[in-house]
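One-letter residues, chain by chain:
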Amino acid sequence: MVFKRRDPRTWLELFRTLFYPRGGWSRAVQYIRLRVHRLPGTPESIARGIFAGAFVIFTPLYGIHFVAAALLARLMRGNILAALLATFIGNPLTYVPIALISIHTGHFLLGTDPGGVGAHLGQHFAGAWRDLQHNFLALFTEERAHWDELIQFYHDLFFPFLVGSLIPGVICGLVCYYLSVPVIRTYQKRRLAKLRAKMEKLKAQADEAAE
């Protein structure tokens, strides 16, 4: 294949890049920052997209964060690509603290006891996944569907996670919005000024050549 890598990466290398991208996190953050700055649109529309992406990462919608961010950005008339880039705030290094913040906030708002859910976060997800797998196979066999772990997952984790994501999600989104607008506006003005200076220089050179 024309675009096939000459040195295919192993599964270990692929797993490692989830936690530490090639070039390091600072380079990855710089790349995303530059991409956001160069997006077309007004600073406000780009910042609304960033708000959407930053908000969505606090929700339990794992696997469809991109879709949810794009839909929310569209509803807010924000830049969809900016929303997708902003979801990278959520990564394997930040997923656990973000989840714990949302879950504990949700239990607080609902007036329920989290009961050490943070210490058993992986077990809750694993239990729900086991029920999903079993119930899917039960569609094609005589096995009976199991719902106990899914119900416990919903009550102890998913619903509090969903409710609790609203406050920290909005806070994070607003912070990102108000920080992004002046930065993007300044960058766009500088870029426009450079383009104008370049055009004037080319025009002057053309005038000199014509004389």
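Shown above is the structure to which this text applies.
Cut-offs and rules
Residues numbered from 1 in each chain as written. Predicted model: local features only at pLDDT ≥ 70, side-chain atom pairs only at ≥ 80, totals over all residues. Heavy atoms only, no water. Helix = DSSP H or I, 4+ residues; strand = E, 2+ residues; numbered from the N terminus. Expected span 1.5 Å × (residues − 1). Buried < 20%, exposed > 50% of the residue type's maximum accessible area, 1.4 Å probe, protein only. Phe/Tyr/Trp six-rings, centres within 6.5 Å; stacked < 30°, edge-to-face > 60°. Salt bridge = Lys/Arg side-chain N within 4 Å of Asp/Glu carboxyl O. Contact = heavy atoms within 4.5 Å. Core = buried A, V, L, I, M, F, W, Y, C linked by side-chain atoms within 4.5 Å. Patch = residues over 30% accessible without salt bridge, like charges linked within 9 Å, V, L, I, M, F, W, Y side chains within 5 Å. Areas by Shrake-Rupley, 256 points an atom, 1.4 Å probe, with all protein chains shown as cover.

A. Local environment of helix α8 (residues 148-164). When the terminal C-alpha atoms of α8 are compared, their 23 Å separation across 17 residues agrees well with the 24 Å that a helix rising 1.5 Å per residue should span. Turning to α8, its buried residues are Leu150, Phe153, Leu157, Pro160, Phe161, Val163 and Gly164.

B. Looking closely at the packing of aromatic side chains. Taken as a whole and assessed by the stated rule, the structure comprises 11 aromatic pairs. With 6.4 Å between their ring centres and 5° between their planes, Phe51 and Phe55 make a pair best called stacked. Of the two residues, Phe51 and Phe55 are both situated in helix α3 (residues 43-56); the distance of four residues between them amounts to about one turn of the helix. The two residues Phe51 and Phe55 agree in class, both being buried. For the pair Tyr62 and Phe161, a centre-to-centre distance of 6.0 Å together with 70° between the ring planes defines the contact as edge-to-face. Of the two residues, Tyr62 is situated in the loop between α3 and α4 (65-75) and Phe161 in helix α8; the sequence distance between them amounts to 99 residues.

C. Inspection of the pattern of salt bridges at higher detail. Within this structure, the stated rule accounts for two salt bridges. In this structure, the salt-bridge partner of Glu44 is Arg185, at a minimum N-O distance of 2.4 Å. With Glu44 in helix α3 and Arg185 in helix α9 (residues 166-210), this residue pair connects regions lying 141 residues apart in the sequence. Residue classification places Glu44 among the partly exposed residues on the basis of a relative accessible area of 26%. Among the residues examined, Arg185 registers a relative accessible area of 31% and is labelled partly exposed.

D. Expanded view of the side chain of Thr59. With respect to the element layout, Thr59 can be found in the loop between α3 and α4. Residues within four places of Thr59 in sequence aside, it is in contact with His65, Phe161 and Ser165.

E. View of the nonpolar core. Leu39, Ile46, Ile50, Phe58, Ala82, Cys172 and Cys176 are the most contacted members of the largest nonpolar core, which totals 13 residues. Those elements that provide at least two residues to this core are α3, α5 (80-86) and α9. Those residues in contact with Cys176 that lie beyond four places of it in its chain are Ile50, Ala54 and Ile89. Core analysis: the second largest hydrophobic core is formed by nine residues, Ala99, Ala128, Phe153 and Phe161 among them.

F. Region of the structure containing a nonpolar patch on the surface. A contiguous nonpolar surface patch, about 710 Å² in accessible area, is contributed by Phe108, Leu109, Leu166, Ile167, Ile171, Val175 and Leu179. Mapped onto the nonpolar patch, the elements with two or more residues apiece are α6 (95-110) and α9. Ranked by the residues each element gives to the nonpolar patch, the list is headed by α9, at five residues. Summarising the element assignment, Leu109 is placed in helix α6.

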